[in-house]
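# Structural description and commentary
Now for the letters of each chain:
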Amino acid sequence: GENVEQHPSTLSVQEGDSAVIKCTYSDSASNYFPWYKQELGKGPQLIIDIRSNVGEKKDQRIAVTLNKTAKHFSLHITETQPEDSAVYFCAASSNFGNEKLTFGTGTRLTIIP
Amino acid sequence: DSGVTQTPKHLITATGQRVTLRCSPRSGDLSVYWYQQSLDQGLQFLIQYYNGEERAKGNILERFSAQQFPDLHSELNLSSLELGDSALYFCASSALATGEQYFGPGTRLTVT
């Protein structure tokens, strides 16, 4: 089955700086890669996703890149703000998301004011 | 607010007992997924239903079962509870056209 690895497990960045979180996947059949933000006491919130037919997607301060050959994808957050502090999870799925998500182990991002 | 609702928010029960967790998907979503989040296992897929039919199973224990009703809400039944079943249980729903899974706020289950 699919295996998703995520690094780093913790990340602290100064407010205003950029943060990058990286994930690798093992199953070449995976074609949908979402990112979730989870705040304390809440459910995972979908913040951005990418499908295997594109290499990059951007939404304001967040962007995701995908390298199908290397089987890795990354989340980039620019101009970080205190409200970006949370746990971020990457995930992979096949059938463009209409099947189970396999999650990475999460990255705890702390923005230092 | 994702539009997915889950009840109850918290549940405390004893070992050996049985509980039912409830999920209402976003309006129009036919797919419902159940996930378990624990400190040692992370977020793990349990089971998926699509329009009332079971579609996929993950590492769901035989003591656990689920169903999706004609009104599309879903219930996850956990029986013969053990201490290790203590976890957060999330429901997610998606529309076939987009595949994007939206998560509910979760049910925190504590087995004592």
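Just above sits the structure.
First, a word on scope: everything that follows refers to the structure included in this document. (Residues numbered from 1 in each chain as written. Chains lettered and ligands numbered in written order. Predicted model: local features only at pLDDT ≥ 70, side-chain atom pairs only at ≥ 80, totals over all residues. Heavy atoms only, no water.)

## Quick word on the sheet that holds strand β6 (residues 56–59) of chain A
Residue and element names in this part refer to chain A. Just so we agree on the cut-off: Two strands qualify as a pair provided DSSP detects at least 2 bridges between them. By the criteria applied, helices consist of DSSP H or I runs no shorter than four residues and strands consist of E runs no shorter than two, each listed in order from the N terminus. Lines fitted to C-alpha atoms define the axes here, with helix axes fitted over just the stretch in contact, and angles between the N-to-C directions of these axes take values from 0 to 180 degrees.
If you trace the five strands from one edge of the open sheet to the other, you get β1-β3-β8-β7-β6, paired in antiparallel fashion. At either margin of the open sheet sits one strand with a lone partner, and together these are β1 (4–7) and β6. Averaged over all pairs of adjacent strands, the angle between strand axes in this sheet comes to 15°, irrespective of strand direction. Two elements, β1 and strand β3 (residues 19–25), share four bridges in a ladder whose sense is antiparallel.

## Points about the packing of aromatic side chains
Quick reminder of the rule: Each Phe, Tyr or Trp ring (for Trp, its six-membered ring) is paired with any other whose centre lies within 6.5 Å, and the angle between the two planes then decides the class: stacked below 30 degrees, edge-to-face above 60, tilted in between. Burial here depends on accessible area, computed with a 1.4 Å probe over protein chains only, as a share of the maximum for the residue type. Under 20% is buried, over 50% is exposed, and the range in between is partly exposed. The rule for a charge over a ring is simple: NZ of Lys or CZ of Arg within 6 Å of the ring centre, and within 35 degrees of the ring normal.
The final tally for this structure, using the stated rule, is 14 aromatic pairs over all chains. Each ring, one from Y35(B) and one from F103(B), has its centre 5.2 Å from the other, and the planes form 40°; the classification is tilted. Of this pair, Y35(B) sits in strand β4 (residues 31–38) while F103(B) is found in strand β10 (residues 102–103), placing the two residues 68 residues apart along the sequence. Across the pair, F103(B) and Y35(B) agree in class, each one buried. Clustering of aromatic rings is evident, with ring pairs tying together Y36(A), F89(A), F103(A), Y33(B), Y35(B), F45(B), F90(B) and F103(B). Over the aromatic face of Y50(B) sits the side chain of R55(B), whose NZ or CZ is 5.6 Å from the ring centroid.

## Thoughts on the interface of chain A and chain B
Inclusion rule: Whether two residues are in contact is decided by their heavy atoms: any pair within 4.5 Å suffices. Here the quantity called buried area is the accessible surface, traced with a 1.4 Å probe, that two parts lose on coming together, added over both. A pairing counts as a salt bridge when a side-chain nitrogen of Lys or Arg comes within 4 Å of a carboxyl oxygen of Asp or Glu. Any residue that is not Ala, Val, Leu, Ile, Met, Phe, Trp, Tyr, Cys, Pro, Asp, Glu, Lys or Arg is counted as polar, Gly included; the first ten are nonpolar and the last four charged.
Counting residues at the interface gives 19 residues for chain A, matched by 19 residues for chain B. Interface area, chain A with chain B, both sides summed: about 1,400 Å², of which 50% is carbon and sulfur. Put simply, chain A and chain B have zero salt bridges between them. Taken together, the residues of the side of chain A that touches chain B break down into eight nonpolar, six polar and five charged.

## Observations regarding the sheet that holds strand β1 (residues 5–7) of chain B
Residue and element names in this part refer to chain B. As summarised here, the arrangement of the four strands in space is β1-β3-β8-β7, forming an open sheet in which the pairing is antiparallel. Where the open sheet ends on each side, the last strands, each with one partner, are β1 and β7 (64–68). Averaged over all pairs of adjacent strands, the angle between strand axes in this sheet comes to 15°, irrespective of strand direction. As defined by bridge partners, β7 adjoins strand β8 (residues 74–78) across five bridges and the pair is classed as antiparallel.

## Some points on the side chain of N77(B)
All names here are of chain B. What counts, and what does not: In protein, a polar contact means a hydrogen-donor-capable atom and an acceptor-capable atom, both N or O and within 3.5 Å, with residues adjacent in sequence counting only if both atoms are side-chain atoms; elsewhere, any N or O pair within 3.5 Å suffices.
Within the fold, N77 resides in strand β8. In this structure the side chain of N77 is engaged in a polar contact, spanning 2.8 Å, whose partner is the side chain of T20. Once residues within four sequence positions are removed from consideration, N77 is found in contact with R18, V19, T20, R63, F64, S65 and Q67.

## Focus on the pattern of salt bridges
Residues and elements named next belong to chain A. All told, the structure shown has seven salt bridges over all chains when counted by the stated rule. Put simply, R51 and D49 hold a salt bridge, and the shortest N to O gap is 3.9 Å. Classification of R51 as partly exposed rests on a relative accessible area of 22%. By relative accessible area, D49 is classed as buried at 3%. One salt bridge in this structure joins K57 and D49, with 2.8 Å as the shortest N-O distance.

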